[in-house]
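For reference, the chains in residue letters:
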Amino acid sequence: MSRLPAPPSSPTSPGFWRSPVRGPWFTSVLGVVLLGGITALFVTGLLSYAAYNPDLARVNDKTPDKGLLGFYLFAWPTRPYWLYRLNQGVHVTLGITLVPVLLAKLWSVVPKLFALPPARSLAHALERVSLLLLVGGVLFEFVTGVLNVQLDYVFPGSFYPLHFYGAWVFFAAFVVHVVLRAPAAVRNVRRMRAGKGSHEETGFPLVSPRPAEPTVSRRGALWLVGGGSLLLFGTTAGQNFDGPLRRTALLAPRGGADPGSGPGGFQINKTAASRGISARETSEDAWRLVVTGPSGTLRLSRAELLELPLHSSALPIACVEGWSTGDQWWRGVRLRELATLVGYDTDAAPDVFVESLQRRGAFREAALRSNQVRDPRSLLALDVNGEPLTPDHGYPARIIVPAAPGVLNTKWVARMTFGDL
Ligand SMILES: Nc1nc2c(c(=O)[nH]1)N[C@H]1C(S)=C(S)[C@@H](COP(=O)(O)O)O[C@H]1N2
Ligand SMILES: [Mo]
């Protein structure tokens, strides 16, 4: 009988890593899930970015130095009216659901990070550099994303560039990694399905040469990861639904909060008090909407706005943070109607630049594109669900546009300037 050698103490030695769960099969299953999931995150992330219409105006653009990375931007449509709600719900819910899968995947390949020599060939060196960007990038994207959703902009004004550029760095590395690794991962999953035991191993072995006693099978470990994902999904997804489902969103600070009841009983992102909006400046005597266009400038009181033709549309508020409300009944003046008051034909309504009463902080102004202005469901809302807007939902008047991210639905509107931007 040969005596076992002393346990290696350096993580650069394969024998240091002893979990019997590690192996190509475990890594490959998680890898295939992430391949689909992260691709969906990237696509919904890029779409979410396009939904801000950053190419329309400087105020909408949080990454003015993006250059070529904005190549794909397009005029964000207004239909289906739930487009942004679906896109962002999928982006945030999927991202949170994938956290256990990501952690398990990283854990499963940790030994490889310590492999020596650092590079056996140029191709191998490239792969390892791409791995650093890949692991660093994915952790960065998940951390910034989760913090933004959970802590409500801990990065003042800079979450967008961080998450946007981080996504591109990560995705470049992801593509390199997938090209190099996907064929073997798919073969491994197929073999496992066919009941064949042997797996491909290249370079640093994932299977421990001296495995410890198993405490859980590989399948069991996978169920554990899946259970974790399911738990996160079940405590997040509810932030997109009204009724009892919303109460299941224990992990969603804003979207899971009880929105109260009555006409204004839906999520409030920023309250009037927190934005420095006082009852005095929104009073009937003080507040005037200033509308400007080629034929001049109008100053309209709320009473005068209520005299104009009023229309209703049922539209949700959907925030970049991944929460959304059900459809609310808004009533107000069509944006394109306001454009006609300052010199445009209904069908030729241009872009509009909207400014709120708010003097400090983010999101106090936004630009809307002509396709959004022309949509008959786009309103300067005065009422919601049969009552005047509450102060927190934007009294005396707010923007509501179908399919647009919440951030474009400016509250406490003070000034609208029509004209091509
Ligand atoms: N003036 C102003 N308008 C604003 C904001 C703001 O901070 N200030 N927040 C925006 C964001 S990010 C969202 S999601 C919606 C939320 O609208 P609600 O509070 O009525 O749900 O308002 C938008 N309009
Ligand atoms: Mo938002």
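Conventions used here
- Residues numbered from 1 in each chain as written.
- Chains lettered and ligands numbered in written order.
- Predicted model: local features only at pLDDT ≥ 70, side-chain atom pairs only at ≥ 80, totals over all residues.
- Heavy atoms only, no water.
- Helix = DSSP H or I, 4+ residues; strand = E, 2+ residues; numbered from the N terminus.
- Buried < 20%, exposed > 50% of the residue type's maximum accessible area, 1.4 Å probe, protein only.
- Contact = heavy atoms within 4.5 Å.
- Areas by Shrake-Rupley, 256 points an atom, 1.4 Å probe, with all protein chains shown as cover.
- Lys, Arg positive; Asp, Glu negative; His and termini not counted.
- Charge placed at Lys NZ, Arg CZ, Asp CG, Glu CD.
- Salt bridge = Lys/Arg side-chain N within 4 Å of Asp/Glu carboxyl O.
- Near = heavy atom within 4 Å.
- Polar contact = N/O pair within 3.5 Å; in protein donor to acceptor, adjacent residues only side chain to side chain.
- Nonpolar A, V, L, I, M, F, W, Y, C, P; charged D, E, K, R; others polar.
- Core = buried A, V, L, I, M, F, W, Y, C linked by side-chain atoms within 4.5 Å.
- Pairing = 2+ DSSP bridges.
- Axes fitted to C-alpha atoms, helices over the stretch in contact; angles between N-to-C directions.
- Expected span 1.5 Å × (residues − 1).
- Arc of directions from axis to C-beta.
- Patch = residues over 30% accessible without salt bridge, like charges linked within 9 Å, V, L, I, M, F, W, Y side chains within 5 Å.
- Parallel < 35°, antiparallel > 145°, perpendicular 65-115°, else oblique.
- Left-handed = near helix turned anticlockwise from the far one by under 90°.

### Notes on the overall build of the protein
Along the backbone of the protein there are 9 helices and 10 strands. If you line up the protein on its principal axes, its C-alpha atoms span 95 × 45 × 40 Å. Taking all 421 residues of the protein together, the buried fraction comes to 49%. Sequence separation of 24 or more characterises 70% of the internal contacts of the protein that already satisfy a separation of 6 or more. For the protein, the exposed area adds up to about 19800 Å²; of that, 64% sits on carbon and sulfur atoms. One finds the centroid of the 42 positive side-chain charges in the protein at a distance of 14 Å from the centroid of its 29 negative side-chain charges.

### A look at the pattern of salt bridges
Enumeration over the complete set of coordinates arrives at 9 salt bridges. With its nearest N and O atoms 3.2 Å apart, the salt bridge here joins Asp 383 to Arg 331. You can see Asp 383 sitting in strand β7 (residues 379-384) and its partner Arg 331 sitting in strand β4 (residues 328-334), a full 52 residues away along the chain. Residue classification places Asp 383 among the buried positions, given a relative accessible area of 9%. Residue classification places Arg 331 among the partly exposed positions, given a relative accessible area of 37%.

### Quick look at the site of ligand 1
Taken together, 19 residues are adjacent to ligand 1, and Gln 267, Gln 358, His 393, Arg 398 and Lys 411 come closest. The contact in question runs from a nitrogen atom of ligand 1 to an N or O atom on the side chain of Gln 358, over 2.7 Å. Note that an oxygen atom of ligand 1 is positioned 2.5 Å from one of the side-chain N or O atoms of Lys 411. Looking at the shell around ligand 1 residue by residue, the class counts come to 8 nonpolar, 8 polar and 3 charged.

### Let's talk about the nonpolar core
Looking at soluble globular proteins, one finds that nonpolar side chains tend to be buried together. Membership of the largest hydrophobic core comes to 89 residues, with the highest contact counts inside it found for Leu 305, Trp 330, Leu 368, Leu 380, Ile 399, Met 416 and Phe 418. Of the residues forming this core, the biggest block, 12 residues, is contributed by helix α1 (residues 24-51). Non-local contacts of Met 416, meaning those with residues more than four positions away in its chain, are made with Leu 289, Val 290, Val 291, Thr 292, Leu 335, Leu 338, Val 352, Phe 353, Leu 380 and Ile 399.

### Some details on the sheet that holds strand β1 (residues 289-293)
As summarised here, the arrangement of the 5 strands in space is β2-β1-β10-β5-β6, forming an open sheet in which the pairing is mixed. Each end of this open sheet is capped by a strand with a single partner; those strands are β2 (296-300) and β6 (365-368). On average, each strand axis in the sheet is tilted by 15 degrees relative to the strand beside it, whichever way the strands run. Here strand β5 (residues 352-356) runs beside β6; their pairing, made up of 4 bridges, is antiparallel. Paired with Glu 355 across the two strands is Glu 365, which belongs to β6.

### So, helix α6 (residues 218-234)
In an α-helix there are 3.6 residues to a turn, and that puts residues three or four apart on one side. Over its 17 residues, α6 extends 24 Å from the first C-alpha to the last, a length consistent with the 24 Å expected when each residue adds 1.5 Å. Listed in full, the buried residues belonging to α6 are Ala 221, Leu 222, Val 225 and Ser 229. With its buried residues spanning 105 degrees around the axis, α6 presents them on a single face. Seen from the buried face of α6, the exposed residues on the opposite side, beyond 90 degrees, are Arg 219, Trp 223, Leu 224, Leu 230 and Leu 231. Next to the buried residues of α6 lie α1, α2 (83-97) and α3 (99-113).

### Details of unusual backbone geometry
Here the amide bond leading from Arg 79 into Pro 80 is cis, since omega sits at -10 degrees, within 30 degrees of zero. The residue after Leu 116, namely Pro 117, is reached through a cis peptide bond having omega -5 degrees. Checked against the element boundaries, Pro 117 lands in the loop between α3 and α4 (122-151). Positive phi is not limited to glycine here, since Asn 53 has a value of about 55 degrees. Examined against the element boundaries, Asn 53 turns out to sit in the loop between α1 and α2.

### Describing the environment of Thr 44
Locating Thr 44 in the fold gives a position in helix α1. The buried category is assigned to Thr 44, whose relative accessible area is 10%. In the structure, Thr 44 is positioned 45 residues away from Gly 89 in sequence and 9.5 Å away in space, judged by C-alpha atoms. Setting aside residues up to four positions removed in sequence, Thr 44 forms contacts with Asn 87, Val 90 and His 91. In this structure the side chain of Thr 44 is engaged in a polar contact, spanning 2.7 Å, whose partner is the backbone oxygen of Ala 40.

### Description of a nonpolar patch on the surface
Side chains of Trp 82, Leu 86 and Val 90 sit close together on the surface and give an oily, nonpolar patch of about 270 Å² of accessible area. The topology assignment puts Trp 82 in the loop between α1 and α2.

### Here's the deal with the packing of α1 against α3
Between α1 and α3, the least distance of the axes is 9 Å, while the angle of their chain directions is 140 degrees. Here α1 lies oblique to α3, going by the angle between them. The interaxial crossing formed by α1 with α3 has left-handed handedness. Across the interface between the two elements, Phe 26, Thr 27, Leu 30, Gly 31, Val 33 and Leu 34 of α1 pack against Val 101, Leu 102, Ala 104, Lys 105, Trp 107, Ser 108 and Val 109 of α3. Residues belonging to the contact of α1 with α3 are distributed by class as follows: 9 nonpolar, 3 polar and 1 charged.

### Brief notes about a negative patch on the surface
Together, Glu 284, Asp 285, Glu 304 and Glu 307 make up a region of like negative charge exposed at the surface. In this fold, Glu 304 is placed in helix α7 (residues 302-307).

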